[in-house]
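# Observations on the model geometry
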Amino acid sequence: MSISDIEVLDTDDRGRGVFATHAIGAGTTIVRGIPAACVPKDDRLRTHCSVCLAPAADRPLCSGCGHVVLCARCAKSDGARLIHDDECASLRSLFAVPAKERPADTCSLRLLLRLLLWRWRCSRPELPQYVEDEWWGDGDACGDELDDVMALCEPPEGLADGGVDCDAAFWDMAAQARYHLPAHARLSRGLAAELMARVYANGLCLYREDGGDGGDGGGGGGRGGGGVRREVGWGVSASVAMFNHRCAPNADWSIDADGCIVVRSVRPVRRGEELCLCYVDNALPRRERQARLREHFGFECQCEVCRAEEEEETVGTAGRASGKHARSEAAAPAPAKRHASSAPRARKKTK
Ligand SMILES: [Zn+2]
Ligand SMILES: [Zn+2]
Ligand SMILES: [Zn+2]
């Protein structure tokens, strides 16, 4: 756990970013965050633990909602059970709706329900909480606080993902959440829509590698390294959402055996270098990557790789063969970043 090796600074053009305060070796854990909320994808509901997303196909379905499983470990933990107990009635209500009348993919709605319930529980500190001083996982991890999640950036206005008006979709999702939630956990539709917008802009696809979690050893690997990475769920962690995007990232994330979202370096990182994740599949061609970043996150990627590839395409049309050179330069360590003078924002709560 090397959370002392990073600091959060303002960048000139991309809001806050995470920077290395020391040189970091490849494959080092940079942040290990207990997600504010994470849920299995629809097709993993019956095979992966609803709380930590561990494989749990051998576990019985919840007798309350009949739609999810908890792994043996989470089933024994008060905090983990509470997470599902809170949402169980809402899920029963959601899945009672005829299939063609509920969202084709319930993942986002379930994530919103989870966050709204978490929000309600956080507002009642006299009640047991999901993550107490003692939690069910091993080792240190950062826990999100409600303010951290509400402070996440919103997507820019007027976003249209795949032609769908996102604002309208967030409002619709908020209305559905209201319908399924118990009265005490409901939030005004506007606030719930704002929360959904933040989830949309900061949520992470969560992957598990087949064959277990490899721990900290080895040389990073990242996307495509080691075993087969399978998408198992979707989650939000304020500690992980601080990382900016770059198409040739120096860090990657995955979900570990305790259900924590772990960010690890995928190559050696120099002191002062910004630590970045690739929000989209970096194997995609530039135009497609950029289209996804624009549609989903509302920004035009100007990273080294994008600039080099753009140049390469321009040069390529002129019949020059410098493409290879441009690409290998792009993969080299990034130039020194501009450090803003403002103070880093501490948001590291370790347990
Ligand atoms: Zn579990
Ligand atoms: Zn249930
Ligand atoms: Zn880029």
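Placed above this text is the structure.
Residues numbered from 1 in each chain as written. Chains lettered and ligands numbered in written order. Predicted model: local features only at pLDDT ≥ 70, side-chain atom pairs only at ≥ 80, totals over all residues. Heavy atoms only, no water.

This next bit is on the overall build of the chain. Across its full length, the chain carries ten helices and 13 strands. Within the chain, the fraction of its 351 residues that count as buried is 50%. Excluding contacts between residues fewer than 6 apart, the proportion of contacts in the chain whose partners are at least 24 apart in sequence is 70%. Of the roughly 16100 Å² of accessible surface on the chain, 50% is carried by carbon and sulfur atoms. (Helix = DSSP H or I, 4+ residues; strand = E, 2+ residues; numbered from the N terminus. Buried < 20%, exposed > 50% of the residue type's maximum accessible area, 1.4 Å probe, protein only. Contact = heavy atoms within 4.5 Å. Areas by Shrake-Rupley, 256 points an atom, 1.4 Å probe, with all protein chains shown as cover.)

As a further point, take the coordination of the zinc ion (ligand 1). Taken together, Cys49 (SG), Cys52 (SG), Cys71 (SG) and Cys74 (SG) make up the protein donors of the zinc ion (ligand 1), found 2.3 Å from the metal. For the zinc ion (ligand 1), the four donor atoms are set out with angles of 102 to 113° between them, so the coordination reads as tetrahedral. Positions of the donor residues of the zinc ion (ligand 1), expressed as sequence spacing, correspond to C-x2-C-x18-C-x2-C. (Donors = N, O, S within 2.8 Å, 3.2 Å for Na, K, Ca; no water. Tetrahedral: all angles 85-135°; square planar, octahedral: opposite > 155°, others 65-115°.)

Attention now goes to the coordination of the zinc ion (ligand 3). Within the first shell, the zinc ion (ligand 3) binds the protein through Cys247 (SG), Cys301 (SG), Cys303 (SG) and Cys306 (SG), at distances of 2.2 to 2.3 Å. For the zinc ion (ligand 3), the four donor atoms in the first shell make angles of 103 to 116° at the metal, so the coordination geometry reads as tetrahedral. Donor residues binding the zinc ion (ligand 3) come from one chain and are separated in sequence as C-x53-C-x1-C-x2-C. A relative accessible area of 7% places Cys303 in the buried class. Judged by relative accessible area, which is 1%, Cys306 ranks as buried.

If you look at the biggest cluster of nonpolar residues, it comprises 62 residues, and the most contacted ones within it are Cys49, Val51, Cys74, Leu115, Leu116 and Val149. Contributions of two or more residues to this core are made by β4 (37-40), α2 (78-96), α3 (107-122), α5 (166-180), α6 (189-202), β9 (229-236) and α7 (238-241). It is α3 that contributes the most residues to this core, ten residues altogether. When near neighbours in sequence (up to four residues on either side) are disregarded, Cys74 contacts Cys49, Val51, Cys52, Ala80, Arg81 and Trp136. Among the nonpolar cores identified, the runner-up in size contains 24 residues, and Ala20, Leu204, Ile255 and Leu277 belong to it. (Core = buried A, V, L, I, M, F, W, Y, C linked by side-chain atoms within 4.5 Å.)

What follows deals with the pairing of strand β13 (residues 274-277). Every second residue of β13 is oriented toward a common face, with Glu274 and Cys276 on one face and Leu275 and Leu277 on the other, all of them buried. Where strand β2 (residues 16-20) lies against β13, two bridges are found, and the strand directions are antiparallel. If you follow Val18 over to β13, its bridge partner there is Leu275. Taken together, the two bridges between strand β10 (residues 244-245) and β13 define a ladder with parallel strand orientation. Paired with His245 across the strands is Leu277, a residue of β13. (Pairing = 2+ DSSP bridges.)

For the rest of this paragraph, the subject is the sheet that holds β9. Strand order across the open sheet formed by three strands is β4-β9-β8, with antiparallel pairing between neighbours. Bordering the open sheet on either side are β4 and β8 (204-209), each of which pairs with just one other strand. The sheet shows a mean angle of 40° between the axes of neighbouring strands, direction not considered. Relative to β9, β8 runs antiparallel, the two sharing six bridges. Its bridge partner being in β9, Leu206 is matched across the sheet by Gly233. Lying on the sheet, α3 is in contact with β4 and β9; it crosses β4 at an angle near 145°. Its contacts with the sheet put α6 on β8 and β9, and the angle it makes with β9 is roughly 145°. (Axes fitted to C-alpha atoms, helices over the stretch in contact; angles between N-to-C directions.)

Let us now look at unusual backbone geometry. You will see that Leu53, though not glycine, has its phi angle at about 65°, which is positive. Tracing the chain through its elements places Leu53 in the loop between β4 and α1 (72-76).

A separate point is the packing of α5 against α6. The geometry of α5 relative to α6 is characterised by a closest axis approach of 8 Å and an angle of 120° between their N-to-C directions. Considering the angle they form, α5 stands oblique to α6. When you trace α5 past α6, the crossing you get is right-handed. For the pair α5 and α6, the contacting residues are Cys166, Phe170, Trp171, Asp172, Met173, Ala174 and Ala175 in the first and Arg189, Gly190, Ala192, Ala193, Met196, Ala197 and Tyr200 in the second. Here the residues of the contact of α5 with α6 sort into eleven nonpolar, one polar and two charged. (Parallel < 35°, antiparallel > 145°, perpendicular 65-115°, else oblique. Left-handed = near helix turned anticlockwise from the far one by under 90°. Nonpolar A, V, L, I, M, F, W, Y, C, P; charged D, E, K, R; others polar.)

So yeah, pure geometry; function would need other evidence.
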